[in-house]
Amino acid sequence: GIEFIDSYVFNQAEYIRFNSTVGRFVGYTEHGVKNAEAWNSDAGILGQEQAELERVCKPSAAIDYSTILDKT
């Protein structure tokens, strides 16, 4: 399967991450935890992240896989 990770970084420190495997945001700082709670309760924000998985990751993975097969 494909795992999509969307990390948010401030001052070179990751503070929140969306992970498609768990389907939710995880906070790594106090501010990130608060945002994760808010964003996880917002179906619109979660939907945007899932849409990125469908829009970007899956088509790209299919192209990459096809390229690998062509070279073997």
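Residues numbered from 1 in each chain as written. Predicted model: local features only at pLDDT ≥ 70, side-chain atom pairs only at ≥ 80, totals over all residues. Heavy atoms only, no water.

An unreviewed UniProt entry lists the chain under the name MHC class II antigen beta chain, from Oncorhynchus mykiss.

### Points about the pattern of salt bridges
For the structure on display, the rule yields two salt bridges. Taking the shortest distance from any N to any O, the salt bridge between Glu14 and Arg17 comes out at 2.8 Å. With relative accessibility at 24%, the residue Glu14 sits in the partly exposed group. Accessibility expressed as a relative area gives 25% for Arg17, which makes it partly exposed. Between Lys34 and Glu30 there is a salt bridge, with its nearest N and O atoms 3.7 Å apart. Residue Lys34 and its partner Glu30 are both found in helix α1 (residues 30-40); the two are separated by four residues, about one turn of the helix. (Salt bridge = Lys/Arg side-chain N within 4 Å of Asp/Glu carboxyl O. Buried < 20%, exposed > 50% of the residue type's maximum accessible area, 1.4 Å probe, protein only. Helix = DSSP H or I, 4+ residues; strand = E, 2+ residues; numbered from the N terminus.)

### Brief notes about the packing of aromatic side chains
Enumeration over the complete set of coordinates arrives at five aromatic pairs. Summarising the aromatic geometry, the rings of Tyr8 and Trp39 are spaced 5.4 Å apart at their centres and angled 65° between planes, so their arrangement reads as edge-to-face. Highlighted residues: Tyr8 in strand β1 (residues 5-10) and Trp39 in helix α1, separated in sequence by 31 residues. (Phe/Tyr/Trp six-rings, centres within 6.5 Å; stacked < 30°, edge-to-face > 60°.)

### Some words on the nonpolar core
Phe4, Tyr15, Ile16, Phe18, Phe25, Ala36, Trp39, Leu46 and Leu53 form the largest nonpolar core, which has nine residues in total. Those elements that provide at least two residues to this core are β2 (13-19), α1 and α2 (43-71). It is β2 that provides the largest number of residues to this core, a total of three residues. The residues touching Ala36, leaving out its near neighbours within four places in the chain, are Ile16, Phe25, Val26 and Gly27. (Core = buried A, V, L, I, M, F, W, Y, C linked by side-chain atoms within 4.5 Å. Contact = heavy atoms within 4.5 Å.)

### Re unusual backbone geometry
A positive phi angle, near 50°, is found at Asn11, a position not held by glycine. Relative to the helices and strands, Asn11 is located in the loop between β1 and β2. Positive phi values are uncommon outside glycine, yet Gln12 reaches one of about 65°. Its place among the elements puts Gln12 in the loop between β1 and β2. Classification of Gln12 by relative accessible area gives exposed; the value is 82%.

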